[in-house]
Amino acid sequence: MRWLALLLPGDWLIIGLAAVLVGLSIPMFWQGGLADRAIIRQEGQIFADIDLKARKQIEVPGPLGTTLIAVEPGRARVVSDPGPRQYCVKQGWLMRPGEIAICAPNRVSLQITGRTRVYDSISY
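As the structure is a prediction and not an experimental result, all values here were calculated from the model. (Residues numbered from 1 in each chain as written. Predicted model: local features only at pLDDT ≥ 70, side-chain atom pairs only at ≥ 80, totals over all residues. Heavy atoms only, no water.)

Enquirer: Explain the state of the cysteines to me, please; I cannot follow it from the model alone.
Expert: Here is the idea: a disulfide is a covalent bond, and it sits between the sulfur atoms of two cysteines. Evaluation of the coordinates by the stated rule reveals one disulfide. Here C88 connects covalently by a disulfide to C103, the sulfurs 2.1 Å from one another. In this structure the cystine formed by C88 and C103 twists about its S-S bond by roughly 105°; its chirality is therefore right-handed. Here C88 is found in helix α2 (residues 87–90), whereas its partner C103 is found in strand β6 (residues 100–103), with 15 residues between them in sequence. Of the two residues, C88 and C103, neither departs from the other in class, the shared state being buried. (Disulfide = S-S within 2.5 Å. Helix = DSSP H or I, 4+ residues; strand = E, 2+ residues; numbered from the N terminus. Buried < 20%, exposed > 50% of the residue type's maximum accessible area, 1.4 Å probe, protein only.)

In structure tokens, the structure reads:
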């Protein structure tokens with residue numbers, strides 16, 4: 001610990017700035033980039049492709065009824081769905097590229113995408 005006495009105030013400033021820079025770069029490099037679009041599919045076809053900078057509510061018709069999707073800056077979620085188990089509603093807010101909520105009985109899905117493609121162990 002004697003080496004700590006050798007650090008000057010400018011050294012601490014550089015160490016602090018480096019730590020902040022690393023912290024800010026984690027979402028961009030480690031988690032597949034930042035989310036920028038929400039893709040809504042109905043029966044496998046693209047129903048809407050929405051920029052995540054907007055604030056919207058979209059009603060998507062399906063075989064069981066209407067699925068309501070909310071989009072806010074940087075995130076999106078399924079608000080309501082006529083399906084019996086509500087799994088897609090329980091997913092909550094989707095914020096990272098690659099996240100998806102699937103309302104299988106109503107054949108509607110919501111996927112978040114970014115500039116970079118995210119891979120998992122299945123698609124790799």
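Enquirer: Quick question: what am I supposed to make of the sheet that holds strand β3 (residues 56–61) here?
Expert: Two pairing modes exist for strands in a sheet, parallel and antiparallel, and in both the strands are linked by backbone hydrogen bonds. Pairing within the open sheet is antiparallel, and its three strands lie in the order β3-β4-β5. Bordering the open sheet on either side are β3 and β5 (75–80), each of which pairs with just one other strand. Within the sheet, the average angular offset between the axes of one strand and its neighbour, ignoring direction, is 25°. As defined by bridge partners, strand β4 (residues 66–72) adjoins β5 across five bridges and the pair is classed as antiparallel. From the neighbouring strand, V71 faces β5, where its bridge partner is A76. (Pairing = 2+ DSSP bridges. Axes fitted to C-alpha atoms, helices over the stretch in contact; angles between N-to-C directions.)

Nothing here speaks to function; it is all geometry.
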